[in-house]
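Residue-level structural notes
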Amino acid sequence: MNSKTTKIFVSSTIAASAFVAVAPNEQADAAVNIEVLVKNAQKAGTVLKWAISIEGTADGVTQPWTQFNAAKSAIAKAEAALNGASNSDRLKYAALLNEPKTQLQRAQGYLDAITASAKIEAKTKALSEAVRTNNLEQVEVAYHAMTAEFRKQTILLDRVYGQSTRDKIRNVVKGPAEQLINYLKNDVTVRMYIKAAAEQQRIGKYVEADKIIKEAQTILNSNILIWESSLQKNLDVVNTSQPVQLVSISRVDSTTVTVKLSKVVSSIQLSEFTFDNSLSVSRAVLSNDGTVVTLTTAVQIPGIKYTMKFKGNSASFTVPGSVVPIQVGNQTIQHRETTEVLSLVANFTDSFNQLSKDTVRVDIPAGIKVVSVNGIENTIAGAKSFNVTPEKNGNVTIAFTAKDVNVAAIDNVITFNRMQNNKVIETKSSAKMNFYAPAKAGSFSNKKIYYVDSYNNYFVTTDGMKYKVKASGDVYRNEGIAVAFDSFKSALDVEDTISGTYNPTTNSSFDITSNFYFIDVVLDSKFAYKAGTAGYRMDGSRIDLNGTAQPNYEIIFYKNSAYIGKTRVNANGSWSFPTNVDQNAISDYSYLQQVAGKATPTNPGSVSKTLRVVEGSLDLLSVSGGTTADEDLSNEALVFTVAPLKNNNGLVLAQDQVVALASASIVVQDNDGTKIRFTNNQDNTKFTPVNNGFQVKFGTIDAGKGSAVIISQGKDSLLTGPLKVISIDGIQNAYGLDMKVNTGFQITGY
């Protein structure tokens, strides 16, 4: 080793020794420096905290930029020093910086809010200066600029930390700004409406213009405005230039319609009102308020849609078509084309023949479309329900047709439900409504027959297509054998299968490919329909259907269009079929006869016999109170009301009308045990049927008659206090169903 090498070695050794000795002290100095920087940041954060708090030095107007920048700088220095610190120091001091950093974030919101306040204040000042010019156009421009700035900047006002500090800033500008907005908004709004109405008039939208004019006038009528006089003049100018518009048209009856106008007029001309479809107008009368015109027309044709023109506007209504009165239990099936319009009338009056004021809910099935309600055009497509108030005569009239002219609507029933307190208290149903779609030209194969109308020369297949047959020109076959027109019509029946080539206007060909045979069935006379009833009434879970038919044939049975079984007719021509009855419900039984062993039809078809069965007990609903309050039942005439039969959902199924037998009687008992029977036509007692019930006029009580009248004498043989109705006998419905009397009925006030 030479001397130069030795020097280098020694120098390196000394340097290394010096490094090892100095390193611990340098680390300690660095830690001390970070701690100082963090404490400085904390102090700066505290200063900033009080500078942005109303509890400190904040005044809600001055922006503390010096404190903000000092805190921001101190935090930045501390965070920079942490980059070279150990992991444990970084975690320790970073946690200590959270508070000053939070204050820095809150200070940013405070500074932004004051900046926003200044912007709002500037726009508010500009709006105040515009008001002083008395120029509403300048006011509107400044108003929109101010309100836009207000909406944008108030968001920043709400971001200030601390309720008291936030309120301090907002109170400086927000209150005055809102006060000025409220002071001017009605004037500005009316001016905007006037301009908008004028623009709608310019582009020909007069109905929209009329709505805007009314809204502007409402504001002027209900508020005190700064520029009220000039605004009213401007609005009057726009209103004067507004032409009279047709708002609506309503049909009153077959020769009267009413027309509602968009504004008041002082006079009208008959020539201003014209209709299409050759409907003439003979008279026009203006209402006292100048907004409604009553027109007298020629007789309007049922089923026709009329369109009226008035000053370039038009409105339409449809006249009801052929009328089908609704009667509960009416089973007359309607067979119509989908292009026809019908009218259905339901009348609702109460038991005293006073006009009903109740609402009627009309239920429209899926395949039906309503075109008018009580003569007023009102398109409602099924399946939907709507409410209507009966006319003065108690009628609810709907005109309707098929929902789609190309789609058949079969076996539809429309119901009218009288409502009280959102509950159905009476229901009237139409017969089945069938709308058949006219068949289009083309070939068809093995379709089953649904309905045949020999008189009007057409038949309908089960898909609802209607085929017309002609007396000459068409070709007819029965199971491949050529037949004459009359023979073809005689052979064609429901459930037959048919094929052919059809053309509505030229010649067609038809072939009955398979004949279905059936013979008439006679039902026992006890099931015969009785006028004023909803169907055969019974109380029980089983029914024995019986009657006569062709010996050794089969009777096929359906309930509510679903197959339920069959029975064979005996050699004497009698048959019987026991089956279940739905409880508290309406069951529609259909039955037809055919040769034993033939295939069972999938549905009863329209030629089957039907029986409607309404199941439920005949119950007493209420007893009217007496009128003399002398505790002498003699000569009192009390009404006993029969409960309407309802299903489990509360829907009224039937309202029985009672029959009082000659032997009808009632037993009553008071609290001391006196029990007395009053019998029809004895001792002046009289049972008389009334609407929805019966009346009992009580005769004299004769103690000398013994058990014939007084069953139990009790303490005094006199009736005193409330009387329990123990039993009522000899009261039946039209089908002989006896009344049931539940416990709890009393006679009072006699």
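Just so we're clear, the structure is a prediction, and the values are computed from it rather than from any experiment. (Residues numbered from 1 in each chain as written. Predicted model: local features only at pLDDT ≥ 70, side-chain atom pairs only at ≥ 80, totals over all residues. Heavy atoms only, no water.)

Relative to the 51 Å expected for 35 residues at 1.5 Å per residue, helix α4 (residues 98-132) spans 51 Å between its end C-alpha atoms, a close match to the ideal helical length. Positive backbone phi, at 60 degrees, marks Asn134, one or two positions downstream of α4. (Helix = DSSP H or I, 4+ residues; strand = E, 2+ residues; numbered from the N terminus. Expected span 1.5 Å × (residues − 1).)

Another aspect to go through is the nonpolar core. The biggest cluster of nonpolar side chains holds 30 residues, and the ones touching the most others in it are Phe640 and Ile747. Secondary-structure elements contributing two or more residues to this core are β35 (618-623), β36 (637-642), β39 (659-669), β40 (675-679), β42 (693-697) and β44 (723-732). Setting aside anything within four residues of it in sequence, one finds Ile747 in contact with Val623, Leu633, Leu638, Phe640, Val668, Phe698, Gly721, Pro722, Leu723 and Val725. Met146, Ala177, Ile194 and Leu225 belong to the second-largest nonpolar core, a separate cluster that totals 27 residues. (Core = buried A, V, L, I, M, F, W, Y, C linked by side-chain atoms within 4.5 Å. Buried < 20%, exposed > 50% of the residue type's maximum accessible area, 1.4 Å probe, protein only. Contact = heavy atoms within 4.5 Å.)

Before going further, it helps to examine unusual backbone geometry. Cis geometry marks the peptide bond from Gly382 to Ala383, where omega comes out at 0 degrees. Within the secondary structure layout, Ala383 lies in the loop between β13 (376-381) and β14 (384-388). You will see that Asn422, though not glycine, has its phi angle at about 65 degrees, which is positive. Relative to the assigned elements, Asn422 resides in the loop between β17 (415-420) and β18 (423-429). Overall, Asn422 belongs to the exposed group, its relative accessible area being 76%. Phi is positive for Asn446, close to 50 degrees, though the residue is something other than glycine. Tracing the sequence through the fold places Asn446 in strand β20 (residues 442-453).

Right, let's talk about the sheet that holds β18 for a bit. Backbone hydrogen bonds hold the strands of a sheet together, and the pairing may be parallel or antiparallel. On the basis of which strands lie adjacent, the open sheet formed by four strands has the order β14-β11-β17-β18 and antiparallel pairing. The outermost strands of the open sheet, each flanked by one partner alone, are β14 and β18. Taking each pair of neighbouring strands and ignoring which way they run, the sheet shows an average axis angle of 25 degrees. When strand β11 (residues 359-364) meets β17, the two strands line up antiparallel, connected through five bridges. Directly across from Thr359, in β17, lies its bridge partner Met419. (Pairing = 2+ DSSP bridges. Axes fitted to C-alpha atoms, helices over the stretch in contact; angles between N-to-C directions.)

The subject of this paragraph is the pairing of β36. Of the two faces of β36, the one holding Leu638, Phe640 and Val642 is buried and the one holding Ala637, Val639 and Thr641 is not buried anywhere. As paired elements, β36 and β42 share five bridges and run antiparallel to each other. Along β42, the bridge assignment pairs Leu638 with Val696.

Okay, the packing of helix α3 (residues 87-96) against α4 next. For the pair α3 and α4, interaxial distance at closest approach is 4 Å and the crossing angle is 40 degrees. When the axes of α3 and α4 are compared, the pair comes out oblique. Here Ala94, Ala95 and Leu96 of α3 lie close against α4, whose contacting residues are Asn98, Glu99 and Pro100. By residue class, the composition of the contact of α3 with α4 is four nonpolar, one polar and one charged. (Parallel < 35°, antiparallel > 145°, perpendicular 65-115°, else oblique. Nonpolar A, V, L, I, M, F, W, Y, C, P; charged D, E, K, R; others polar.)

By the definition in use, this model includes 28 aromatic pairs. Taken together, a centroid distance of 5.4 Å and an interplanar angle of 55 degrees make the contact between Phe557 and Trp575 tilted. Of the two residues, Phe557 is situated in strand β30 (residues 554-559) and Trp575 in strand β32 (residues 574-580); the sequence distance between them amounts to 18 residues. A relative accessible area of 1% means that Phe557 is categorised as buried. Where Phe678 meets Phe698, the ring centres are 4.9 Å apart and the plane angle is 85 degrees; that geometry is what we call edge-to-face. Pair noted here: Phe678 is in strand β40 and Phe698 is in the loop between β42 and β43 (710-712), with a separation of 20 residues, a long-range link. Phe698 matches Phe678 in its accessibility class, with the two residues each being buried. One aromatic cluster is present, formed by Phe444, Phe459, Tyr467, Tyr476, Phe485, Phe488, Tyr502 and Phe510 through successive ring pairs. (Phe/Tyr/Trp six-rings, centres within 6.5 Å; stacked < 30°, edge-to-face > 60°.)

Time to look at the sheet that holds strand β6 (residues 305-310). Ordered by their spatial adjacency, three strands build an open sheet running β3-β6-β7, and the pairing between neighbours is antiparallel. Both edges of this open sheet fall to β3 (274-275) and β7 (313-318), since each of them pairs with a single strand only. By the bridge criterion, six bridges tie β6 to β7 in an arrangement that is antiparallel. Looking across to β7, one finds that Tyr306 is bridged to Phe317.

These figures capture arrangement, not role.
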